[in-house]
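Fold and geometry: a report
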Amino acid sequence: MRTYLWFFCLVMLLQSCADSSTEETLIVTEHESQAYSRFLEAMELKEKAKKDTIPEEANRNFSKAWDLQTALFKEELHDTLKAKVYQQMIGLSRELFLLDSTLALTHGYEKMAMDKNDSTLLADAYYRLSYYYSVANAINASHKYGVKGIALAKKIKDSSLVFKSALTVANMLRSHSLNREAEKVALEGLPYTRKDSEKLKLFNVLATVSGANKDYNEKIYWLNEALKLAKEDKIRLILQNNLAMGYFRRGEKGDKRKSMEILEDIRTDSLYNSKVALLSPKLRSDKARALANLGYVKADLGLEGSMALYEEARDLWSSIGAKDDLASVYYRMALYNRNDLVRAREFALKSLDYARDTHMLEEELDALKLLVEIHPNPKAYALQFQNLNDSLNREVNNSQNLFGRYLYDVERTRTENNELEAQAREQQLKLERSRMQNIALTVGIALLLGAGFQSYRLMRTRHLLQQSEEIRKTESRIAKRIHDELANDLYNTMTFAELNNLEKDTTKSTLLDNLEHLYQRTRDISRDNATVVTGKHFDEVLDHLIEQYQSGHTNILARGLNQIDWSKVETHRQEALYRSLQELLVNMRKHSEATLVVITFTQQGKLLQVTYKDNGKGMKMNGQLENGGLHNMKSRVTQTGGRFKLDSAEGKGVKVEVVYG
């Protein structure tokens, strides 16, 4: 703590020297150092409270930390410390008060960030608002702030905030059965993960939504990927529990037995049977979930012991007050005892009560449906079931529409920003041309001084003009794609919405399909022209690009990609390689009708060779490349110091070699 305190004092002293006299500097430094000391004391109390196993003691330390932070907040503080105090107060309020208080504080934090025009703080505020609205089950508000947070975090290039916002939004969408949207957001967040723990969390989300979509092969794939990254036993056990249920749901030959074996191993794991587990509510809850799942699998296989496992899970969850999990286990107990209608109704009513206490709408719906089937007077439950089901369907439909609108607005803003950037580039191009004219004049005068100097200047001028022309062509191509591919379809969609009754299911479905189509094409244009992420993990970027063009018709193999040391390949060459492969894959999908593509990467010392081959229908070779994609590809490679070779003939596929030495 002393090290942090002296460091903070030094920073404040240097800053104050620039603005005030020596006497004033000493006063400010002393005040700020005392404030920072109290801030660190409050943080220590908060961390101590998190570790306390006695609730009363934890609450007492949270309250002390809150008093210190609120007292600090009322003082005149440096902007950086003020923001940190605000963030700590938000976290403490969640521990001590109702959620409404936390949301009010977070909106105040948002206003402070706006007043200071601080994009980093504002992106953090959007992330926090998205998270807390998700906890409050306010799906629309959580959508709004989540999408705004992701967009702003991308703009300021804050990968950590992009990941956290994407994780929050994806989990919220998944919890409301918006699985397609959750998958999109999770995949959008993956390229911004920097740690294995971050990848693991998104892999788990993708596994969950795959299971909800009944794609259990995909669920098993994502869980196995997550298990490769799991370093802690408690995380490993959770993932194995989910994996067991993935095998159970898939239900292929031997899957259910394999599921039971995994769950039995989890049940006897040393961590869940240690003293640590007895003191940890989280570990007890995780063990209870594995026991409940084991009971469910055994019941399905017709084996004994299910009820005892359910009761053990129930007792564990009761000991920690986990009402949401109790709703689930009582529902399973009701299903298991359907032959004893009295007990089944008793368990189903308990499930319904716990589901309502915790606002778990889907669990409430399941309990109501079961009561309709087993209760002697089902009419009231049937009416409640119908009302709740209609309400959930309306909420899901409204949320899907709202989410689509938010994404559309974000893409529209990006398009407008791209247009402004294009205008700025055009102005820069004019300035560049003016400068080149001056250079040309200088070169003309320099001709009198020597032929060698003249030749050098002319070559440099031609090169820069070629680059400027490439920029102009790229801008024209983007503008043409937006006009040809989006503008007319967007106008037709707007006209369709104006002229048709959107209350009809068929009309609504058609409109959603049109918007989805527009969204996908906008994403394609954005992806094709987006900034290329480079660096030592460039193999992951290329792997993601290649995966986008895999299909049931075309199999793409990448050999040696992970063997390349990309830290030794310059950034401009990585960009050129990415754009070249992107152009080849686009042409392959559009024209070649290839069923197999092989991309080979080899590296020997400073020599890097990338070879592309497909078995498509090929093309005529007339000795030179025509203007267009292939010409631009060759130009891009040669301008970055590489060699480009194309070999093709009708019916014999395409082979392209790119070599950097």
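Residues numbered from 1 in each chain as written. Predicted model: local features only at pLDDT ≥ 70, side-chain atom pairs only at ≥ 80, totals over all residues. Heavy atoms only, no water.

Description of the overall build of the chain
Within the chain one finds 25 helices and five strands. A buried classification covers 40% of the 661 residues belonging to the chain. A sequence separation of at least 24 residues applies to 60% of the contacts in the chain between residues at least 6 apart. (Helix = DSSP H or I, 4+ residues; strand = E, 2+ residues; numbered from the N terminus. Buried < 20%, exposed > 50% of the residue type's maximum accessible area, 1.4 Å probe, protein only. Contact = heavy atoms within 4.5 Å.)

Concerning the packing of aromatic side chains
In this structure the tally under the stated criterion is 15 aromatic pairs. Residues Tyr 131 and Tyr 132 carry aromatic rings whose centres are separated by 5.3 Å and whose planes lie at 70 degrees to one another, so their mutual orientation is edge-to-face. When the ring of Tyr 221 is compared with that of Trp 222, the centres are 5.2 Å apart and the planes differ by 70 degrees; the resulting orientation is edge-to-face. Taking the relative accessible area as the measure of exposure, Trp 222 reaches 12% and is therefore buried. Among the aromatic residues, those joined into a cluster by ring pairs are Phe 73, Tyr 86 and Tyr 109. The residue whose ring lies beneath Arg 332 is Tyr 296, and the NZ or CZ to ring-centre distance is 4.5 Å. (Phe/Tyr/Trp six-rings, centres within 6.5 Å; stacked < 30°, edge-to-face > 60°. Lys NZ or Arg CZ within 6 Å of the ring centre and 35° of its normal.)

With respect to the environment of Met 112
Its location among the elements puts Met 112 in helix α5 (residues 99-116). Taking the C-alpha atoms as reference points, Met 112 and Leu 122, separated by ten residues in sequence, lie 8.4 Å from one another. For Met 112, the contacting residues outside a window of four places in its chain are Lys 82, Ala 83, Tyr 86 and Leu 121.

Some points on the sheet that holds strand β1 (residues 555-559)
Spatially, five strands are ordered β1-β2-β3-β5-β4 in an open sheet, and the strand pairing comes out mixed. Here the strands that pair on one side only, and so sit at the sheet edges, are β1 and β4 (642-648). Within this sheet the neighbouring strands show an average axis-to-axis angle of 10 degrees, counted without direction. (Pairing = 2+ DSSP bridges. Axes fitted to C-alpha atoms, helices over the stretch in contact; angles between N-to-C directions.)

A short note on the nonpolar core
Ranked by size, the top nonpolar core spans 72 residues in total, and within it Trp 317 and Val 329 carry the most contacts. Once residues lying within four places of it in the same chain are set aside, the contact partners of Val 329 are Ala 292, Tyr 310, Ala 313, Arg 314 and Trp 317. With 41 residues, the next largest nonpolar core counts Leu 72, Ala 83, Leu 92 and Ala 125 among its residues. (Core = buried A, V, L, I, M, F, W, Y, C linked by side-chain atoms within 4.5 Å.)

Some details on unusual backbone geometry
One non-glycine residue with positive phi stands out, namely Asn 137, at about 65 degrees. Mapped onto the secondary structure, Asn 137 falls in the loop between α6 (119-135) and α7 (139-155). Residues other than glycine seldom take positive phi values, yet Glu 593 does so here, at roughly 60 degrees. When you line up the elements, Glu 593 lands in the loop between α24 (571-592) and β2 (596-604).

Overview of the confidence of the model for the chain
Predicted coordinates in regions of low pLDDT should not be interpreted in detail. Overall, the predicted model of the chain reaches an average pLDDT of 83, with 82% of residues at or above 70. Residue range residues 1-28 is modelled with pLDDT below 50. Its contacts to residues more than four positions away, or to other chains, number 24 contacts. (pLDDT = per-residue confidence, 0-100.)

A word on the packing of α6 against α7
Packing of α6 against α7 leaves a shortest axis separation of 8 Å and a crossing angle of 155 degrees. As the angle between them shows, α6 and α7 are arranged roughly antiparallel. For α6 against α7, the interelement crossing comes out left-handed. Across the interface between the two elements, Ser 119, Leu 122, Ala 123, Tyr 126, Leu 129, Ser 130, Tyr 133 and Ser 134 from α6 touch Ala 141, Ser 142, Tyr 145, Gly 146, Lys 148, Gly 149, Leu 152 and Ala 153 from α7. (Parallel < 35°, antiparallel > 145°, perpendicular 65-115°, else oblique. Left-handed = near helix turned anticlockwise from the far one by under 90°.)

A word on the environment of Ala 290
With respect to the helices, strands and loops of the structure, Ala 290 is situated in helix α15 (residues 281-301). Measuring from C-alpha to C-alpha, the distance between Ala 290 and Ile 266 comes to 7.1 Å, with 24 residues separating the pair along the chain. Aside from chain neighbours lying at most four places away, what touches Ala 290 is Asn 241, Leu 263 and Ile 266.

So, the pairing of β4
The side chains of a regular strand alternate, residue by residue, between the two faces of the sheet. Every second residue of β4 is oriented toward a common face, the buried set being Gly 642, Phe 644, Leu 646 and Ser 648 and the non-buried set Arg 643, Lys 645 and Asp 647. Two elements, β4 and strand β5 (residues 654-660), share seven bridges in a ladder whose sense is antiparallel. Counterpart to Gly 642 in the pairing with β5 is Tyr 660. Between the antiparallel neighbours β4 and β5 lie five residues, among them Gly 651 with a positive phi of about 80 degrees.

Focus on the environment of Ser 328
Here Ser 328 shows up in helix α17 (residues 323-336). A relative accessible area of 28% places Ser 328 in the partly exposed class. Between the alpha carbons of Ser 328 and Ala 367 there is a distance of 9.2 Å; along the sequence they are 39 residues apart.

Details of the packing of helix α13 (residues 255-267) against α15
Across the interface, α13 lies against α15 with an axial gap of 9 Å and an inter-helix angle of 150 degrees. Classified by the angle between their axes, α13 and α15 sit roughly antiparallel to one another. Handedness of the α13/α15 crossing: left-handed. Contact residues: α13 offers Lys 256, Ser 259, Met 260, Leu 263, Glu 264, Ile 266 and Arg 267, while α15 offers Ala 290, Leu 291, Asn 293, Leu 294, Val 297, Lys 298, Asp 300 and Leu 301. Of the residues assigned to the contact of α13 with α15, the class counts are eight nonpolar, two polar and five charged. (Nonpolar A, V, L, I, M, F, W, Y, C, P; charged D, E, K, R; others polar.)

Section: helix α12 (residues 233-250)
Given a rise of 1.5 Å per residue, 18 residues ought to cover 26 Å, and the 25 Å separating the end C-alpha atoms of α12 matches this to within 8%. By the burial criterion, the buried members of α12 are Leu 237, Leu 239, Asn 241, Leu 243, Ala 244, Met 245, Gly 246, Tyr 247 and Phe 248. Packed against the buried residues of α12 are α10 (196-212), α11 (216-229), α13 and α15. Trailing α12 by a residue or two, Gly 251 shows a phi angle of about 70 degrees, which is positive. (Expected span 1.5 Å × (residues − 1).)

Some words on the side chain of Asp 269
In this fold, Asp 269 is placed in the loop between α13 and α14 (275-279). You can call Asp 269 buried: its relative accessible area is 14%. If we skip the residues at most four places from it in the chain, Asp 269 touches Arg 236 and Leu 237.

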